[in-house]
Each structure stands twice: as structure tokens, then as C-alpha cells.
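Summary of the model geometry
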Amino acid sequence: MTTPTELDLTDATAFVRHDAYEFWRDVRKHRPVYWHEGNPGFWVVARHADVLSCYADVRSLSSARGTVLDVLLSGGDSAGGKMLAVTDRPRHRELRNLMLRAFSPRVLGAVEEKVWERTSRLIKTVARQGEFDFAAEVAEHIPMNTICDLLSIPEADREKLLRWNKLALSSDDAESDRLDSLEARNEIIGYFMDLARHRRGDPGDDVISMIATAEAGGRPLTLEEVALNCYSLVLGGDESSRVSAICAVKTFAEHPAQWRALREGSAAIDTAVEEVLRWATPAMHFARTATRDMRIGGRQVRAGDIVTLWNTSANNDEEVFDQPRRFDPTRSPNKHLSFGHGPHFCVGAFLGRAELRALLSALTESVAEIEVCGRPAPIYSNFLNGYASLPVAFR
């Protein structure tokens, strides 16, 4: 691992081949807001205070052109103004109010109960297996099935949705074709277009039927808008929770004293969940587009410039987190930005936390020791941080 002073942040292999934390430590110290050359170039924001301020400044920084760097560099997101994540006010508020109905206490109560049952069953099963791949045997099943339970996705369709999801924003292969990602996204959207059309014609007591038949801003959503917002729920609900779960197991295996503290109760599950989310930081960045001239961290940003907000760096800022590269499941307060901040704070944060609580609780009940038995396979992405496989043994 090397720590270059310059790093191509558009390269999906950058943080597999280089030490991300050393790189960001150098950036925060010497150039906390800098211009990354390219065609087009973009601003990089690294300090926690600046990232937090940018998330809150929705008047100056727009999400409508896209919130992922690769999409913005390719010309912008065609879902702008239609999908919650890439919409600005006032439409954003209308869509968010509608989508929050999917996360009502009545709906979430039933889904959370299934999360605990599924997770406990999976952990008890793999604890008897000896060596196995935690990613394939456990992590791939919990978040995808959770979000599919929320949307009432047929069991027979879940495997292909997982396959498409794993290609949409990342790859297991350093030499992956960008067309594979585009095709996967199109497959997911096409799938939800068909499902939305069916449920609008024959609605049931499920979230997709609710979204497909409800109004936002005085009008029903188009089928494309329904599909895009379901796509956003599935992509966000699966990817970030899956890699966070893998990171949790890997990290506790590498920190046996902290694992004993969690099992013995001297570290609480809830604070451990927040530390896992900070440590994992599954979405390395989110991006915005400046709508007017502004200053960020003393640097002049022009209207139309792309601005990237690096959660990985913010979550390891020494000004906010004492010894940020020390994994501490008792850390409190823990002002991480893994779910974002402000009006675009992740609508699925409750479910993400519930899945990690269920996982850590099930592990403490059934597993005394966690051993990593081989080299984890990394994910190649400049957006998603984590591992595609994790060979482990539970004792």
C-alpha cells in the first residue's frame, strides 16, 4: 500500500491499491478543499465541518444532476427531478413525505421482526459450518430480503435483483466493463416499471402499491417515478447494509478485545452499531452541483462546478473523532455522516441500523470467537467501500 500525494479519485481501484486513511489524513491537513483535475474536474471536500455544511446548504448545492461522481462526470442523472435522492426542493419535500409513508411504524414493525428472525436463523446455521463465506452465506441475504419484504417483492425475483444490485455501483472485478453497470441499473428500473404497472392496476396492501396509487404535490407519480424510487430504495437498502455487515464481522475478528466487551455487555449494541457505520462508511462520497458562486473552506467555487463530499474523510477527522483509526464500540458521541445529513438524510437509516443491531445481537448470542480464514476480496468502486467476500469461521 502506498500513500500518494495525488490520487485519481475517478479510479475504481484507487482505494484498493492505496491507503485511503493516510491519503485523507494528508488531504485534511494540507488541502482540505481542492480542485481535482479532469474533464470535467471537480472539487474535493474532506473536513467534517465543511462536508456537514455542504450537506445542509441545499440552496447552493443541488442534487438534481446527480449525487454520484461517475454519473455527474458522464453528463448527469436522467432521474433528476423524478427520484428522491436526485431531486431538489420543493419536489424533494413532496417525494420525501410520500416515501416516508413506506417507513411508517406499522410497516417497519413487521419488517423489523422478520429481520431479527432471519438473522438469528442464519447465524445459528453458519455457526455450525466451520469455514464459510460470510458475504455469500449471511450478508447477501439480510438487507436484500429486508428491503424486498418492505416492497413485497416475490421470493423468486430476489436473487436476480441481488445480482443486478451488485453490479449497479461497484464490481468484484478490477477490469469490469462500465456497460455492465449501466445494463444492471436498466434491468432494475425495467423490473420495477413492470411491477408498478401491475400493482397500480391491482393494488394490494404493500409499499409499491401505496407509492403507485398515492399523490405527491397534487398528482400521482408516473410509472417511471414509481420505478425510480423503488430502485433507489433497493439499491440503497441493500448495498450499504450488506457491506456494513461484512465490515462489522471483519472488524470484530480483528479486534478480539472489543468483541469480548460486546459479548460481556461492557460495550452496548447501539453504540457498537454507530461505530461500525463510522468505521465502514459504505458510501465513500456523495456529490452535488453548485447552483451559484460560493466559498467552501476558503476556496472559491463557481456555479456549475461539481462538488464531492467525502464521508470517508469526514468520518475520520481528528477534529471530531478522538483517535479515529481506533475502533471503539463504546464511542459516544459519534457524529458520523454515513447516512448523510440535512434534507437528504437517508430515509432508510432506521432499517440500516435495525439490521446491524439484529446481526450483532445474534452474533453475541451464538459466537464466542470470529476468525478470518483467508484474504477478503475487495469491491472495486470509487463510491462503495467494502468487501465482496469474507472467508471466516465462527467458534
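The structure presented is a predicted model; accordingly, all values stated were derived computationally and were not measured. (Residues numbered from 1 in each chain as written. Predicted model: local features only at pLDDT ≥ 70, side-chain atom pairs only at ≥ 80, totals over all residues. Heavy atoms only, no water.)

Points about the packing of aromatic side chains
The description of an aromatic ring pair rests on the distance of the ring centres and on the angle between the ring planes. This model, assessed by the stated rule, comprises 14 aromatic pairs. Taking 6.4 Å as the distance between ring centres and 55 degrees as the angle between the ring planes, the aromatic pair formed by Phe134 and Phe394 counts as tilted. With a gap of 260 residues between them, Phe134 in helix H7 (residues 134-139) and Phe394 in strand E14 (residues 391-394) connect regions that are remote in the sequence. Residue classification places Phe134 among the buried positions, given a relative accessible area of 0%. An aromatic cluster is defined as three or more aromatic residues linked by ring pairs; in this entry it consists of Phe15, Phe23, Trp24 and Trp310. Lying over the aromatic face of Tyr21, Arg325 brings its terminal NZ or CZ to 3.6 Å of the ring centre. It is Arg325 that lies over the ring of Trp279; its NZ or CZ is 3.9 Å from the centre. (Phe/Tyr/Trp six-rings, centres within 6.5 Å; stacked < 30°, edge-to-face > 60°. Helix = DSSP H or I, 4+ residues; strand = E, 2+ residues; numbered from the N terminus. Buried < 20%, exposed > 50% of the residue type's maximum accessible area, 1.4 Å probe, protein only. Lys NZ or Arg CZ within 6 Å of the ring centre and 35° of its normal.)

Regarding helix H6 (residues 105-126)
In a regular helix each residue adds 1.5 Å, so 22 residues correspond to 32 Å; H6 covers 31 Å between its end C-alpha atoms and thus fits that length. For H6, every residue scored as buried is listed here: Val107, Leu108, Val111, Val115, Arg118, Thr119, Leu122, Ile123 and Val126. Down the axis of H6, the buried set is contained in an arc of 125 degrees. They therefore lie on one face. Set apart from the buried face of H6 by more than 90 degrees, the exposed residues are Pro105, Arg106, Glu113 and Arg121. (Expected span 1.5 Å × (residues − 1). Arc of directions from axis to C-beta.)

A short note on the packing of H6 against helix H16 (residues 349-366)
Taken N-terminus to C-terminus, the directions of H6 and H16 make an angle of 35 degrees; their axes are 9 Å apart at the nearest point. In the packing of H6 onto H16, the handedness of the crossing is right-handed. Contact residues: Leu108, Val111, Glu112, Val115, Trp116, Thr119, Ser120, Ile123 and Lys124 in H6; Phe350, Leu351, Ala354, Glu355, Arg357, Ala358, Leu359, Ser361, Ala362, Leu363 and Ser366 in H16. The class makeup of the residues in the contact of H6 with H16 is twelve nonpolar, four polar and four charged. (Axes fitted to C-alpha atoms, helices over the stretch in contact; angles between N-to-C directions. Left-handed = near helix turned anticlockwise from the far one by under 90°. Contact = heavy atoms within 4.5 Å. Nonpolar A, V, L, I, M, F, W, Y, C, P; charged D, E, K, R; others polar.)

So, the nonpolar core
Residues Ile153, Leu161, Phe192 and Ile211 are the most contacted members of the largest nonpolar core, which totals 47 residues. Of all the elements in the fold, those that place two or more residues in this core are helix H5 (91-100), H6, helix H8 (142-151), helix H9 (158-168), helix H10 (178-201), helix H11 (207-213), helix H12 (223-254) and H16. Of all the elements, H12 adds the most residues to this core, at eight residues. For Ile211, the contacting residues outside a window of four places in its chain are Leu98, Met99, Leu221, Val226 and Cys230. Grouped together as the second largest cluster of nonpolar side chains are 39 residues, Leu122, Val126, Cys247 and Val367 included. (Core = buried A, V, L, I, M, F, W, Y, C linked by side-chain atoms within 4.5 Å.)

Re the packing of H6 against H8
Packed helix pairs are specified by the crossing angle of their axes together with the interaxial distance, meaning the distance between the axes. Direction vectors running N to C along H6 and H8 enclose 150 degrees, while the axes themselves pass 10 Å from each other. When the axes of H6 and H8 are compared, the pair comes out roughly antiparallel. Read as a crossing pair, H6 and H8 show a hand that is right-handed. From H6, Val107, Val111, Lys114, Val115, Arg118, Thr119 and Leu122 reach across to H8, where they touch Ile142, Asn145, Thr146, Asp149 and Leu150. When the residues that make up the contact of H6 with H8 are grouped by side-chain class, the tally is six nonpolar, three polar and three charged. (Parallel < 35°, antiparallel > 145°, perpendicular 65-115°, else oblique.)

A closer look at the sheet that holds E14
Here we have three strands laid out as an open sheet, ordered E4-E14-E11, and antiparallel in their pairing. Unpaired on one side and paired on the other, strand E4 (131-133) and strand E11 (370-372) mark the two borders of the sheet. Along the sheet, successive strands turn relative to each other by an average axial angle of 35 degrees, direction set aside. Of the strand pairs in this sheet, E11 and E14 are connected by three bridges, and their pairing is antiparallel. Its bridge partner lying in E14, Val372 is registered against Val392. (Pairing = 2+ DSSP bridges.)

Side note on the pattern of salt bridges
The tally for this structure, following the rule as stated, stands at 25 salt bridges. The partner of Arg199 in a salt bridge is Asp206, and the shortest N-O contact between them spans 3.0 Å. Among the residues examined, Arg199 registers a relative accessible area of 10% and is labelled buried. Take Asp206: its relative accessible area is 14%, and that puts it in the buried class. (Salt bridge = Lys/Arg side-chain N within 4 Å of Asp/Glu carboxyl O.)

Focus: the environment of Pro40
Tracing the backbone through its elements, the reader meets Pro40 in the loop between strand E1 (33-36) and strand E2 (42-45). Looking at Pro40, the relative accessible area reads 36%, which means it is partly exposed. Measuring from C-alpha to C-alpha, the distance between Pro40 and Ala127 comes to 49 Å, with 87 residues separating the pair along the chain. Beyond its immediate stretch of four places on either side in the chain, Pro40 contacts Leu73 and Ile306.

As for unusual backbone geometry
Most peptide bonds take the trans form, and the phi angle of most residues other than glycine is negative. The omega angle of the peptide bond from Arg89 to Pro90 is 5 degrees, so this bond is cis rather than trans. The topology assignment puts Pro90 in the loop between helix H4 (69-73) and H5. Here the residue pair Ser332 and Pro333 is connected by a cis peptide bond, since its omega of 0 degrees sits within 30 degrees of zero. Secondary-structure assignment places Pro333 in the loop between helix H15 (311-314) and H16. Its identity is not glycine, yet Gln323 carries a phi of approximately 45 degrees, on the positive side. Position of Gln323 among the secondary structure elements: in the loop between H15 and H16. For Gln323, a relative accessible area of 48% puts it in the partly exposed group.

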